[in-house]
Amino acid sequence: MNMISNHMPTAELQALDAAHHMHPFTTNNELAEKGARVITRAKGVTLTDSEGNDILDAMAGLWCVNLGYGRPELAEAAMRQMQELPYYNTFFMTTHVPAIALSAKLAELAPGNLNHTFFAGSGSEANDTNIRMVRTYWAELGKPEKKVIIARHNGYHGSSVGSASLGGMKPMHAQGGLPIPDMHHIGQPYWYGEGGDKSPEEFGLERAQELEAAINELGEDRVAAFIAEPIQGAGGVIIPPSTYWPEIQRICEKYEILLIADEVICGFGRTGNWFGSQTFGIRPDIMTIAKGLSSGYAPIGGSIVSDEVAKVMDACEFVHGYTYSGHPVACAVALENLRILEEEKIVEKAGAETAPYLKEKWQGLADHPLVGEAVIEGLMGSIALTPDKASRAAFAADAGTAGYVVREACFANSLVMRHTGDRMVISPPLVITKSEVDTLVERAWRALDFAHKKLSDDGLMKAA
Ligand code: PXG
């Protein structure tokens, strides 16, 4: 086969892609008809495709390129590490400098007594670690029956069998016989979609108290842990009412339930602080990390655990680990990413300067006739599409129909903004400038105008 390169015509690349590459979360036959967009390079917040189009990436890839694209320092860190020690494991009484340095750095950055990291290759793997870790923790303390993990409908924790069982995505459970046993799901704190006439505060409290009800129903002696994202990302950037997290924290402490904050999206500056737990005053026993840890430049994830959890786990052999746990190249890239985020004060600037600016502009989208609400925390935001603003109505058409129209209109306007159902979400690189924020919001508005006209013309502006 000839060398496949950036210089091949797009159609040829698309044909080869359709012939051999199975895409995640995709109906590949539909994609083959349409042809996948081929992304060839990126710099800052801008992607370039094989046709030479520049596109503003308001999703930071898949919520991960916090540092922005094209930082040569990370490439150099990877090259140095590959030349010195491309791989070694940490299983059999060995370690290496990148894993030592990264775990020490994470202990410094993570809040409270979260001082110990178990490395994985992704967020899914890290959450699989968490499932086995919390059950082993309680078994080691003589309570092996404490193994139920409570999570939430419409939460996302990954795509492996374990992590997708933690997740509350029904279509994922439907494929492959999920969830695994001893998983329990409670309602999400989604006031706009499910809060009805209640105030957001009332509703937030009510949804948190579903945790207490579930613990009482299952029996405190059977529940190991509760897991949640500080802000649901893949579920649609659902920012919980202010009453939610304090009540969850109270309940976990009262019943001695381990609290796992899934920081895969919220971590490393996304909410304007280093961790979403700091934004919401959460004191987790375990944090899941991935994505922004390396800004997506290398695949790496992990579980940062408290001194108390580590003390119990360190006394037994945890029969668990991945070939690439603490991969030296990924650790070196993550360390360089964290160094730059810190030295250039990127998290602080995103929180103090970019976030308030983006918030004001983003909230302006709520004035668009297609938009029911526009919410944002730090640099993760969403808008709800609606055929009727006053009643917060959903569309009569299948969920995601309107969202897809808006997403396509965004692409046509050189903007990547994702839809999850009929919510549009953004999570731009933390380094986005104010003028790029202006461009983002202008393009979003234009895309909404276009989509509004199309939905009206197609008779889709009907409430369910
Ligand atoms: N936890 C959270 C909160 C996530 O958002 C994972 C765990 C799993 O991480 P890995 O690295 O195994 O993918 C995620 C991943 C989407 C989308 O469509 C979101 C994710 C992944 C793929 C798609 O928004 N988040």
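Just so you know, these numbers come straight off a predicted model, no measurement behind them. (Residues numbered from 1 in each chain as written. Predicted model: local features only at pLDDT ≥ 70, side-chain atom pairs only at ≥ 80, totals over all residues. Heavy atoms only, no water.)

What follows concerns the overall build of the protein. Broken down by element type, the protein carries 17 helices and 15 strands. On C-alpha atoms alone, the protein measures out to a radius of gyration of 22 Å, which is about the 23 Å that the 2.2 N^0.38 rule sets for 464 residues. Based on the C-alpha atoms only, the size of the protein along its principal axes is roughly 65 × 60 × 45 Å. Contacts spanning at least 24 positions in sequence make up 71% of the contacts within the protein whose residues lie at least 6 apart. Carbon and sulfur atoms provide 54% of the accessible area of the protein, an area that totals close to 20200 Å². (Helix = DSSP H or I, 4+ residues; strand = E, 2+ residues; numbered from the N terminus. Rg over C-alpha atoms; globule rule 2.2 N^0.38 Å. Contact = heavy atoms within 4.5 Å. Areas by Shrake-Rupley, 256 points an atom, 1.4 Å probe, with all protein chains shown as cover.)

Right, let's get into helix α17 (residues 434-457). The end-to-end C-alpha distance of α17 is 35 Å, a good match for the 34 Å that 24 residues give at a rise of 1.5 Å each. All of the buried residues in α17 are Val 437, Leu 440, Val 441, Ala 444, Ala 447, Leu 448, Ala 451 and Leu 455. Of the residues one or two after α17, Gly 459 is the one with positive phi, at around 70°. (Expected span 1.5 Å × (residues − 1). Buried < 20%, exposed > 50% of the residue type's maximum accessible area, 1.4 Å probe, protein only.)

Turning next to the packing of helix α4 (residues 72-84) against helix α14 (residues 328-343). When two helices pack together, their arrangement is given by the angle between the helix axes and by the axis-to-axis distance. Contact geometry of α4 with α14 gives a least axis separation of 8 Å together with a crossing angle of 150°. Crossing handedness for the pair α4 and α14: right-handed. Along the contact surface, α4 presents Glu 73, Leu 74, Ala 77, Ala 78, Gln 81 and Met 82, while α14 presents Pro 328, Val 329, Ala 332, Val 333, Glu 336, Asn 337, Arg 339 and Ile 340. Residues of the contact of α4 with α14, tallied by class, amount to 9 nonpolar, 2 polar and 3 charged. (Axes fitted to C-alpha atoms, helices over the stretch in contact; angles between N-to-C directions. Left-handed = near helix turned anticlockwise from the far one by under 90°. Nonpolar A, V, L, I, M, F, W, Y, C, P; charged D, E, K, R; others polar.)

With that out of the way, let us pick up the site of the ligand. Surveying the vicinity of the ligand reveals 16 residues, the closest of which are Trp 63, Gly 123, Ser 124, Asp 262 and Arg 418. In this structure, an oxygen atom belonging to the ligand sits 2.5 Å away from a side-chain N or O atom of Ser 124. In isolation the ligand offers 530 Å² of accessible surface; the protein chains occlude 83% of this area. Top contributing element to the shell around the ligand by residue count: helix α6 (residues 123-140), with 3 residues. Looking at the shell around the ligand, its residues break down into 6 nonpolar, 6 polar and 4 charged. No fewer than three residues from each of domain 1 (37-70 + 345-457) and domain 2 (73-343) sit in the shell around the ligand. (Near = heavy atom within 4 Å. Polar contact = N/O pair within 3.5 Å; in protein donor to acceptor, adjacent residues only side chain to side chain. Domains from an automatic or database assignment.)

It is worth spelling out unusual backbone geometry at this point. In terms of backbone geometry, most residues other than glycine have negative phi values and most peptide bonds are trans. In this structure, the amide linkage connecting Leu 178 to the following residue, Pro 179, adopts the cis form with an omega of -5°. Counting through the fold element by element, Pro 179 comes out in the loop between α8 (170-174) and β6 (183-186). Positive phi values are uncommon outside glycine, yet Ala 60 reaches one of about 45°. Since its relative accessible area comes to 0%, Ala 60 is described here as buried. Unusually for a residue other than glycine, Asp 182 sits at a positive phi of about 65°. With respect to the helices and strands, the residue Asp 182 is situated in the loop between α8 and β6.

Ordered by their spatial adjacency, 7 strands build an open sheet running β4-β10-β9-β8-β7-β5-β6, and the pairing between neighbours is mixed. Where the open sheet ends on each side, the last strands, each with one partner, are β4 (114-120) and β6. Across this sheet, the average inter-strand angle for adjacent strands is 25°, counted without regard to direction. Pairing geometry for strand β5 (residues 148-152) and β6, over 4 bridges, is parallel. By the bridge assignment, Arg 152 is partnered in β6 with Ile 186. (Pairing = 2+ DSSP bridges.)

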